[in-house]
Amino acid sequence: MSSTLIMAPLRGITEAAFRDIFARFFPGFDRAVAPFISTLQGSRIKPAKFKELLPENNRRLPVVPQILAKNADHFIATARLLAELGYTTVNWNLGCPYPMVANKMRGSGLLPFPEKIEAFLDKVQDLPLAISVKTRLGRRDPGEIFALLPIFNKFPLSEVIIHPRTGIQMYEGAVDLDTFARCVELCRHPVVYNGDITSYAVYQRLARRFPTVQSWMIGRGALADPFLAARIKHMALPADPLQTVADFHEELLACYQEMFSGPSPVLGRMKGLWFYLAGSFANGTKILKKIQKTKKLEAYREITREIFQHGIWQPEQQGEST
Ligand SMILES: Cc1cc2nc3c(=O)[nH]c(=O)nc-3n(C[C@H](O)[C@H](O)[C@H](O)COP(=O)(O)O)c2cc1C
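Just so you know, these numbers come straight off a predicted model, no measurement behind them.

Student: Looking at this structure, how should I read the side chain of Thr 294?
Tutor: Relative to the assigned elements, Thr 294 resides in the loop between helix H13 (284-293) and helix H14 (297-310). For Thr 294, a relative accessible area of 7% translates into the label buried. In terms of polar contacts, Thr 294 uses its side chain to reach the backbone carbonyl oxygen of Ile 291, at 2.7 Å. The contacts of Thr 294, once residues within four sequence positions are left out, are Leu 267, Lys 271, Ala 299, Tyr 300 and Ile 303.

Okay, here's the thing in structure tokens:
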């Protein structure tokens, strides 16, 4: 059976416009999870966040909205609005590691509190949408997940996406594949693996080790090598893949110039992408430094033109030294 590939949510990068343009140039992803919307202010959602999730802005790549919440009533109110837009699944964020979020008992901050998670799932289970969760192994201790899996098993979740790190690890250190293996055994729901899939070779090793895992979520690896999903699915690549990356970059830049006013937010977004994309070039660190220094669009254009014309692109090697 062929694998399902899911584009990971990366707040500030994989928003609706990005996903749409990305999917136009790079095949391979079956769906995406959108960066979280927060229910901090009760059931009100900022109109801009809502716009992100309007079906007309998400035609090319099916998307599952994600909610960051610790209050079940707020979650329910937001999920109902999403159901009205036609969504049939919503994802609950149990992974966000940032102290500002986690210290308020949201995202990975909820993981040490199984009884709160159970009460939350109990309350939201009557919603007219399927619920999936995206979790880490724990906030501080990777063993926290073993108190959570029996709770997840009690509820009709559509899938459990596991990033096998703890919250305090942020995105550093090795993924804990041994603990992930035990999770796969203990979880009765479909488990999605997420974390550090940076090349076809990495994917292949994981797919061999976890033959029952059917779905794979990829974030940073696909920003570094936008053809990664196509490689995994053995799809034909264009004759000059770097030119396709350049065309995508051009389109994205034009889109952000239309969306945002002034160079600063436009360059901020593009720099966010280059943080990962640069890793696929031979002299990635140097490239990134140069780009991060630019403050003017003209200078940015010149640097990136040079990179796409003369840069040495070697995506299959990215991430190997980490
Ligand atoms: C800049 C950034 C923003 C992120 N935003 C979200 C988010 O909104 N929701 C979420 O569940 N995960 C978020 N993540 C985590 C990713 O979805 C993913 O779990 C993580 O990057 C590990 O997968 P990867 O190694 O394939 O990138 C974010 C990660 C980064 C680096």
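Student: Any chance you could explain the site of the ligand here in plain terms?
Tutor: Within the structure, the ligand sits among 18 residues, and Pro 9, Gln 66, Asn 194, Asp 196 and Arg 220 are positioned closest to it. Arg 220 is positioned with one of its side-chain polar atoms (N or O) 2.8 Å from an oxygen atom of the ligand. Coverage of the ligand by the protein amounts to 91% of the 620 Å² it exposes when considered alone.

Student: Help me understand helix H7 (residues 177-186) in this model?
Tutor: Along an α-helix, a turn takes 3.6 residues, which lines up residues three or four apart on a common side. Residues of H7 that are buried: Thr 179, Phe 180, Ala 181, Cys 183 and Val 184. Packing partners of the buried residues in H7 comprise strand S7 (130-138), helix H6 (145-154), strand S8 (160-166), strand S9 (191-194) and helix H8 (200-209). For H7, the N-terminal capping position is held by Asp 176, with its side-chain oxygen 3.4 Å away from the main-chain nitrogen of Asp 178.

Student: Mind showing me how you'd approach the environment of Gln 214 here?
Tutor: Residue position: Gln 214 is located in the loop between H8 and strand S10 (215-218). Along the chain, Gln 214 and Arg 24 lie 190 residues apart, while their C-alpha atoms are 24 Å from each other.

Student: Where do I start with the environment of Pro 35 in this structure?
Tutor: Considering the arrangement of structural elements, one finds Pro 35 in the loop between strand S2 (31-33) and strand S3 (37-38). The buried category is assigned to Pro 35, whose relative accessible area is 10%. For the pair Pro 35 and Val 213, spaced 178 residues apart in sequence, the C-alpha separation works out to 23 Å. With near-sequence residues (within four places) excluded, Pro 35 lies in contact with Pro 9, Leu 10, Arg 11, Thr 14, Glu 15, Arg 19 and Gln 66.

Student: How should I be thinking about the side chain of Thr 135 in this particular structure?
Tutor: Following the sequence through the fold, Thr 135 ends up in strand S7. For Thr 135, a relative accessible area of 1% translates into the label buried. Contact partners of Thr 135, with chain neighbours within four places excluded, come to Leu 94, Gly 95, Leu 111, Ile 145, Phe 152, Val 160, Ile 161, Ile 162 and His 163.

Student: Mind showing me how you'd approach the nonpolar core here?
Tutor: The nonpolar side chains of a soluble globular protein tend to be buried with one another. If you look at the biggest cluster of nonpolar residues, it comprises 101 residues, and the most contacted ones within it are Phe 75, Ile 117, Phe 152 and Trp 274. Broken down by element, this core gets its largest block of residues, eight residues, from helix H11 (residues 241-259). The contacts of Trp 274, once residues within four sequence positions are left out, are His 249, Phe 281, Ile 287, Leu 288, Ile 291, Tyr 300, Thr 304, Ile 307 and Phe 308.

Student: Please explain unusual backbone geometry as it appears in this structure.
Tutor: Phi is mostly negative for residues that are not glycine, and the peptide bonds are mostly trans. One non-glycine residue with positive phi stands out, namely Met 170, at about 55°. Summarising the element assignment, Met 170 is placed in the loop between S8 and H7. Residues other than glycine seldom take positive phi values, yet His 234 does so here, at roughly 55°. Inspection of the secondary structure puts His 234 in the loop between helix H10 (228-232) and H11. In this structure His 234 comes out as exposed when scored by relative accessible area, which is 59%.

Student: Sorry, what's going on with the sheet that holds S2 here?
Tutor: Consider a sheet: its strands pair through backbone hydrogen bonds, and that pairing is either parallel or antiparallel. Taking strand neighbours across the sheet as the criterion, the 10 strands line up as S3-S5-S6-S7-S8-S9-S10-S1-S2-S4 in an open arrangement whose pairing is parallel. With one partner strand each, in any of the chains shown, S3 and strand S4 (63-64) form the two edges of the open sheet. Here strand S6 (residues 89-94) pairs with S7 via six bridges, running parallel. In the strand pairing of S7, Leu 94 is matched with Thr 135.

Student: Can you walk me through the packing of H6 against H7 in this structure?
Tutor: The geometry of a pair of packed helices is captured by two quantities: the angle between their axes and the separation between those axes. Contact pair H6 / H7: the axes reach a minimum separation of 10 Å and the direction vectors enclose 25°. The orientation of H6 relative to H7 falls into the category roughly parallel. As H6 packs across H7, the resulting crossing turns out to be right-handed. The segment H6 lies against H7, with Ile 145, Phe 146, Leu 149 and Asn 153 engaging Thr 179, Arg 182, Cys 183 and Leu 186.

Student: Any chance you could explain the pairing of S10 here in plain terms?
Tutor: Note on strand geometry: in a regular strand, side chains alternate between the two faces of the sheet. In S10, alternate side chains face the same way, and those of Ser 215 and Met 217 on one face and Trp 216 and Ile 218 on the other are all buried. Looking at chain direction, strand S1 (residues 4-7) and S10 are connected through four bridges and run parallel. Opposite Leu 5, over in S10, you have Trp 216 as the bridge partner. One ladder, built from three bridges, connects S9 with S10; its direction is parallel. Paired with Val 192 across the bridge in S10 is Ser 215. Considered for its hand, the β-α-β crossover made up of S9, H8 and S10 is right-handed.

Each value, and the rule that gives it
- Residues numbered from 1 in each chain as written.
- Predicted model: local features only at pLDDT ≥ 70, side-chain atom pairs only at ≥ 80, totals over all residues.
- Heavy atoms only, no water.
- Helix = DSSP H or I, 4+ residues; strand = E, 2+ residues; numbered from the N terminus.
- Buried < 20%, exposed > 50% of the residue type's maximum accessible area, 1.4 Å probe, protein only.
- Polar contact = N/O pair within 3.5 Å; in protein donor to acceptor, adjacent residues only side chain to side chain.
- Contact = heavy atoms within 4.5 Å.
- Near = heavy atom within 4 Å.
- Areas by Shrake-Rupley, 256 points an atom, 1.4 Å probe, with all protein chains shown as cover.
- Core = buried A, V, L, I, M, F, W, Y, C linked by side-chain atoms within 4.5 Å.
- Pairing = 2+ DSSP bridges.
- Axes fitted to C-alpha atoms, helices over the stretch in contact; angles between N-to-C directions.
- Parallel < 35°, antiparallel > 145°, perpendicular 65-115°, else oblique.
- Left-handed = near helix turned anticlockwise from the far one by under 90°.
- Right-handed = clockwise from strand over helix to strand, strands pointing away.

Treat this as a map of the structure, not an account of what it does.
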